[in-house]
Amino acid sequence: MTAETLSEKTAVEDASMFRAPNAVFVVGPTASGKSEFAFRLAKELNGVVISADSMQIYRGLDVGTAKETPARRAEVPHEMIDVVDKTDEFSVAAYAEMAKSCVKKAQNEGKLPIIAGGTGLYVEALLYPMKFGGSDKNAELRASLEDECEEKGAHVLYDKLRALDPVTADRLHPNDVKRVIRALEIVLTTGKPMSQTKDERPEPTSDDVIMVAFGCKDRAALYARIDARVDEMIRNGLVREVASIGTFNCQSMQAIGYKEFSGYELIRDGEIVLSEDELKEIAEKIKKNTRNYAKRQLTWFRRYPFARWFEAGDFASAAGYVKNRLNSGNRT
């Protein structure tokens, strides 16, 4: 078997792990009830919750990421939580490899993998495992791109890809250097973007994927849920959690709920010195940024024609849909 054939075979196998009825996806914007539904579903259906949240991977960031409590995680298995230190770098590619291992383990144990989260790039990486086949290989160009990345940084290559192939760029993370270089290699060699070559990933259909998406028909209701969640995080000790990191010069601290504290003195001699007015100002920034993020999440997940949407909190209808889909076929 050639390397090209093996790569294609691997991509097909990777995709099949997430096709119905082998797995369930639970997605939607922040504060829409994804985690609660995934917890209940896993408890009822002998499942494992696999987080698709780009912040819950960090150890020590608990309050601001709304992680499930240790007690709940002991009651229902959760994976892809607390997998790297809070100051470590982490990529979409690393997530995909680790999450696939978690899915395989769950399936081998006869459990239902339930991928739950709102990070669109993480979900995308599992739904569309990208092949690295032999089409349009150009070793000299690839070496040149790798040198350019080393010299100028990954963001330069990503910006170049966005200009030449925005569709593929939207599917990739700027730090996913291997895939960015592969996409550039194709478009620069053939003059055609990856989406028009045989490396294009097949689009799943409604029959292929079981995906539950939660939202709110009334946008104000979603925003109220977000505001309440931010207030609860602050009551639960978000200020001390942010102060414990000690630096804002790391990937994790650029996230909503943490970056808004930058520039403020939080704690002195073990005591919180942030004033009530400052805390209120920060809270409003977090709420505004989270609302904007929720809008982007809704836009992202509405691109999936196979997603079945439910009103936030309508767990009974969503569970009924999942059970019907699972009962329509046997897990492999």
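Look up: the structure comes first, before these words.
Residues numbered from 1 in each chain as written. Predicted model: local features only at pLDDT ≥ 70, side-chain atom pairs only at ≥ 80, totals over all residues. Heavy atoms only, no water.

A. Just helix α13 (residues 315-327), in detail. Over its 13 residues, α13 runs 18 Å from end to end, which matches the ideal 18 Å to within 8%, given 1.5 Å per residue. Every buried residue of α13 is accounted for by Phe 315, Ala 318, Ala 319, Tyr 321, Val 322, Arg 325 and Leu 326. End-on, the buried residues of α13 take up no more than an arc of 160 degrees, which puts them together on one face. Across from the buried face of α13, at angles greater than 90 degrees, the exposed residues are Ala 316, Asn 324 and Asn 327. Elements in contact with the buried residues of α13: β1 (24-27), α2 (34-45), β6 (112-116), β7 (211-215) and β10 (307-311). (Helix = DSSP H or I, 4+ residues; strand = E, 2+ residues; numbered from the N terminus. Expected span 1.5 Å × (residues − 1). Buried < 20%, exposed > 50% of the residue type's maximum accessible area, 1.4 Å probe, protein only. Arc of directions from axis to C-beta. Contact = heavy atoms within 4.5 Å.)

B. Local environment of a negative patch on the surface. Among the surface-exposed residues, Glu 146, Asp 147, Glu 150 and Glu 151 lie close enough to one another that they form a single negatively charged patch. Take Glu 151: it is sitting in helix α6 (residues 139-152). (Patch = residues over 30% accessible without salt bridge, like charges linked within 9 Å, V, L, I, M, F, W, Y side chains within 5 Å. Areas by Shrake-Rupley, 256 points an atom, 1.4 Å probe, with all protein chains shown as cover. Salt bridge = Lys/Arg side-chain N within 4 Å of Asp/Glu carboxyl O. Lys, Arg positive; Asp, Glu negative; His and termini not counted. Charge placed at Lys NZ, Arg CZ, Asp CG, Glu CD.)

C. Spotlight on the nonpolar core. Ranked by internal contacts, the top residues of the largest apolar core, which has 56 residues, are Tyr 95, Ile 115, Met 211 and Tyr 304. Among the elements of the structure, β1, β2 (47-51), α4 (92-108), α5 (120-127), β7, α10 (219-235), α11 (238-245) and α12 (276-301) are those that each provide at least two residues to this core. Broken down by element, this core gets its largest block of residues, seven residues, from α4. The residues touching Ile 115, leaving out its near neighbours within four places in the chain, are Phe 18, Ala 23, Val 24, Phe 25, Val 26, Ile 50, Ala 52, Tyr 95, Val 103 and Leu 126. (Core = buried A, V, L, I, M, F, W, Y, C linked by side-chain atoms within 4.5 Å.)

D. Molecular detail of the packing of aromatic side chains. Inspection of the entire model under this criterion finds nine aromatic pairs. Residues Tyr 304 and Phe 306 carry aromatic rings whose centres are separated by 5.1 Å and whose planes lie at 15 degrees to one another, so their mutual orientation is stacked. Residue Tyr 304 is classed as buried on the basis of its relative accessible area of 4%. Three or more aromatic residues link up through ring pairs in this structure, and these residues are Phe 37, Phe 214, Phe 310, Phe 315 and Tyr 321. Lying over the aromatic face of Tyr 223, Arg 291 brings its terminal NZ or CZ to 5.8 Å of the ring centre. (Phe/Tyr/Trp six-rings, centres within 6.5 Å; stacked < 30°, edge-to-face > 60°. Lys NZ or Arg CZ within 6 Å of the ring centre and 35° of its normal.)

E. Layout of the sheet that holds β2. Pairing is parallel in the open sheet, where six strands are placed in the order β4-β2-β6-β1-β7-β10. Of all strands in the sheet, those bounded by a partner on one side alone are β4 (78-79) and β10. Across five bridges, β7 lies against β10 in parallel orientation. Bridging across to β10, Gly 215 finds its partner in Glu 311. Helix-sheet contacts for α4 involve β2, β4 and β6, and the interaxial angle to β2 is about 180 degrees. Of the strands in this sheet, β1, β6 and β7 touch α5, which is tilted by about 160 degrees from β1. (Pairing = 2+ DSSP bridges. Axes fitted to C-alpha atoms, helices over the stretch in contact; angles between N-to-C directions.)

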